[in-house]
Amino acid sequence: MMTIAMFRSARGRARTGARALALSLRLAVLLVLPGSMPAYPSPVPVTAMLPATAAAAPYRAAQPPKRTATAKKAPVKRSSTRTTTRSSRARASRARAPIVPVLRFTSPRGDAALTSDLTTLLGSRTRNGEWGAMVVSISRGDTLFAHGADRSLVPASTMKLFTSAIALEKLGPEHTFRTDVLRDGTLEAGGVVRGNLVLRGDGDPSMSPRFVRGGPEAAMTMLARFVAGAGITRVTGDLIADASAMEARGIPEGWLSRYAGAGYAAPFSALTLNENIVIVGVSAGAAGTAGRVFLEPATSGLVITNTVRTVAGSGARISARRVGNDRVVVSGTIGARAGTRRYQLVVGDPVTFTAGAFRAALEAQGVAVDGALRAGRTPSAATLVTTLPSPPLARLVSVMNRESINIYAELLFRGAARGADRQTLGSAENASSALHEFLVTQVGAAADAVRATDGSGLSVLDRVTPRALVQLLSHAHGTPWGSAFHASLPVAGESELLRNRMRATPAQGNLHAKTGTTNDVIGLSGYVTAENGEILAFAFLYNGKDRWHARETIDAMGPTMAAFSRE
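Fair warning: this is a prediction, and the values are worked out from it, not measured in the lab.

Scoring rules and cut-offs
- Residues numbered from 1 in each chain as written.
- Predicted model: local features only at pLDDT ≥ 70, side-chain atom pairs only at ≥ 80, totals over all residues.
- Heavy atoms only, no water.
- Helix = DSSP H or I, 4+ residues; strand = E, 2+ residues; numbered from the N terminus.
- Buried < 20%, exposed > 50% of the residue type's maximum accessible area, 1.4 Å probe, protein only.
- Contact = heavy atoms within 4.5 Å.
- Areas by Shrake-Rupley, 256 points an atom, 1.4 Å probe, with all protein chains shown as cover.
- Expected span 1.5 Å × (residues − 1).
- Pairing = 2+ DSSP bridges.
- Axes fitted to C-alpha atoms, helices over the stretch in contact; angles between N-to-C directions.
- Phe/Tyr/Trp six-rings, centres within 6.5 Å; stacked < 30°, edge-to-face > 60°.
- Lys NZ or Arg CZ within 6 Å of the ring centre and 35° of its normal.
- pLDDT = per-residue confidence, 0-100.
- Core = buried A, V, L, I, M, F, W, Y, C linked by side-chain atoms within 4.5 Å.
- Parallel < 35°, antiparallel > 145°, perpendicular 65-115°, else oblique.
- Left-handed = near helix turned anticlockwise from the far one by under 90°.
- Nonpolar A, V, L, I, M, F, W, Y, C, P; charged D, E, K, R; others polar.

Chemist: Please set out the overall build of the protein chain residue by residue, giving values where relevant.
Modeler: Summing up its helical and strand segments, the protein chain has 12 helices and 20 strands in all. Every one of the 567 residues in the protein chain was classed for burial, and the buried ones make up 50%. Nonlocal contacts in the protein chain, meaning residues at least 24 apart in sequence, comprise 72% of its contacts between residues at least 6 apart. Carbon and sulfur atoms provide 53% of the accessible area of the protein chain, an area that totals close to 26,400 Å².

Chemist: Before we move on, could you go through helix α5 (residues 218–229) and cite the residues and values that matter?
Modeler: In a regular helix each residue adds 1.5 Å, so 12 residues correspond to 16 Å; α5 covers 16 Å between its end C-alpha atoms and thus fits that length. Along α5, the residues classified as buried are Ala218, Ala219, Met220, Thr221, Leu223, Ala224 and Val227. Those residues of α5 that are buried lie in contact with β3 (178–188), β4 (192–200), α6 (350–364) and β15 (383–389). Two residues or fewer past α5, Gly231 is found with a positive phi of approximately 95°.

Chemist: Describe the sheet that holds strand β10 (residues 316–323), with residues and values.
Modeler: Across the sheet, three strands lie side by side as β9-β11-β10; this open sheet has mixed pairing. The sheet terminates laterally at β9 (303–311) and β10, the two strands that pair on one side only. Across the sheet, the axes of successive neighbouring strands diverge by a mean angle of 5°, strand direction being ignored. In this sheet, strand β11 (residues 327–335) lies alongside β10 in antiparallel orientation, the contact comprising eight bridges. What sits directly across from Ala320, in β11, is Val330.

Chemist: Which residues make up the packing of aromatic side chains, and what values go with them?
Modeler: How two aromatic rings sit relative to each other is set out by the distance from centre to centre and by the angle between their planes. Under the counting rule described, the total for this entry stands at five aromatic pairs. Seen from the ring of Trp548, Arg547 lies directly overhead, with NZ or CZ sitting 4.5 Å from the centre.

Chemist: Describe the environment of Met220, and please don't skip the residues or the numbers.
Modeler: Take Met220: it is sitting in helix α5. Residues Met220 and Arg359, spaced 139 residues apart in sequence, show a C-alpha to C-alpha distance of 8.7 Å. Once residues lying within four places of it in the same chain are set aside, the contact partners of Met220 are Leu199, Met207, Leu273, Thr354, Ala357, Phe358 and Ala361.

Chemist: Go over the sheet that holds strand β2 (residues 143–147) with me, naming the residues and quoting the values.
Modeler: Sheet architecture is open: five strands sit in the order β2-β1-β20-β19-β18, paired in antiparallel fashion. Two strands close off the open sheet at either side, each with one partner strand: β2 and β18 (512–518). Across the sheet, the mean angle separating the axes of adjacent strands is 5° when strand polarity is ignored. Here strand β1 (residues 130–137) pairs with strand β20 (residues 535–543) via eight bridges, running antiparallel. Counterpart to Glu130 in the pairing with β20 is Asn543. Each of β1, β18, β19 (521–529) and β20 touches helix α12 (residues 547–562); the most contacted strand, β19, lies at about 5° to it.

Chemist: I'd love a proper account of the confidence of the model for the protein chain, names of residues and values included.
Modeler: A residue-level look at the protein chain finds 82% of positions with pLDDT of 70 or above and a mean pLDDT of 86. Counting contacts from residues 1–88, a segment whose pLDDT is below 50, to residues more than four positions away or on other chains yields 75 contacts.

Chemist: So what about the nonpolar core? Which residues, and what values?
Modeler: Phe162 and Phe358 are the most contacted members of the largest nonpolar core, which totals 105 residues. Per element, the largest residue contribution to this core is eight residues, and it comes from helix α8 (residues 406–418). If near-sequence neighbours (up to four positions away) are discounted, Phe358 is found in contact with Val181, Leu197, Leu199, Met220, Leu223, Ala224, Val227 and Leu239.

Chemist: Can you explain the packing of helix α9 (residues 428–443) against helix α10 (residues 466–477)? Please cite residues and give values.
Modeler: Where α9 meets α10, the closest approach of the two axes is 11 Å, and the angle between their N-to-C directions is 70°. By the criterion of interaxial angle, the relationship of α9 to α10 is roughly perpendicular. Both α9 and α10 take part in a crossing whose hand is left-handed. Here Phe438, Leu439, Gln442 and Val443 of α9 lie close against α10, whose contacting residues are Gln471, Leu472 and His475. Here the residues of the contact of α9 with α10 sort into four nonpolar, three polar and no charged.

Chemist: I'd like to hear about the pairing of β1, residue by residue, with values.
Modeler: Consecutive side chains along a regular strand alternate between the two faces of the sheet. Here β1 lies mainly inside the structure; seven of its eight residues are buried. As judged from the four bridges shared by β1 and β2, these two strands associate in the antiparallel manner. From the neighbouring strand, Val136 faces β2, where its bridge partner is Thr143. From the end of β1 to the start of β2, which pair antiparallel, there are five residues, and Gly141 there has a positive phi angle of about 80°.

This is how it looks when you write it as structure tokens:
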């Protein structure tokens, strides 16, 4: 016979089994029903366009968060009876916020179903802000979805789509930028230039380790070797830095002052080196002596003030900051057993920085310059000595879009204004005029659909409509440079800024699009192939504070378009 203890044990096992069965059924329902999974935040890639997370100058290694003072807890009154305690717990349980399921993509069949599903997704999560969205079928030429399509919104980095298009249209995918060295004087026996040497910039963004292997100094070292190879050993005059190809203003209109000193907002110039970032290196000496401070690349355009002292140990407490445009102040202590520490600073004067690095590279190659370093224009009678060309424009556009590099966008935007003949000043005003004409006369956009004050989208004054974005994408698809434009975009679930988004969905490896992210903007615009083979162009733009939910919404709409099929 079953004893009382055995009966209680069996009853307990039965209750446990019942609970387990109920939990299993609940989980099964959650897994089967779309939109029923609990919400888990997705990791957000950090981009050059994210002011909220980018480190301000000077760069320092990340430190653990400081402890903050917390208010003392008020004494808790304990309930005198067990019944009251259980009642309080029950009320607390009822007051707990419900679990909000993560948004799930759908597989709409037919135009009406796609419109209904995208409308539902668009309004199901964000709590504030403005949306603008549009989806068209390039294959069939019809509009599949539109919501606030003519609303003028801040584009963030989706502005780079316009920059890419105008650069490819005006210059062509095979266009190269060039950095020239010229001599204004005769070349005498023994390699002596009786006159000045000129470094002339063309707005080439590629003079950096992204394209020239060998470290921050590699581009200028290569150019200096070309000069030495041309037989020049000495320059009796000055080294002239000519950056007149582009406007002198290095910070576009509409960039916020809080961006200053951040690597994603470095100033631009027709003479740009290493994306106008200098590396400050600090090495230890013997204990009790001064530390060694150096710059990468070495440049005579910056003066170092070094008060670093070497102490015992292996730690380091270093401060590196820029004072004005021409001085780097480095202070603190470094342990005698510490390795070399490196810090990055944004340069203040790209022209002097770049030309100073060229002068240092010339000296390292045995080419002496007797005179001063100064800014100026190339004399009309100057003779070309050598040239350092960039990779083709198509490759530069690809790097710009896939990694969302702002300084590339500013240079390419102004480079488009100059044109292939390089006769027009590379300014934001001229570039904006060229873009406006292109959009109105060739793309078919409304005259007031796009306001471009910069090429990167970092300006808070930029405005675009989702309709203009989709019109641009549709036009680009049929141009000779369309393949280069399309290939420049990150791929959902696989590359660059979309690597961790829309994975394990129909959008992975399918959707190609440009992201846009700031504190107040989330955007995605590009192409996706539907399940039935139609190519769709889309633009989703959100302006507001609820950007995390906006991104979740976009990441559900992307695969929904990929899973779409006509009835």
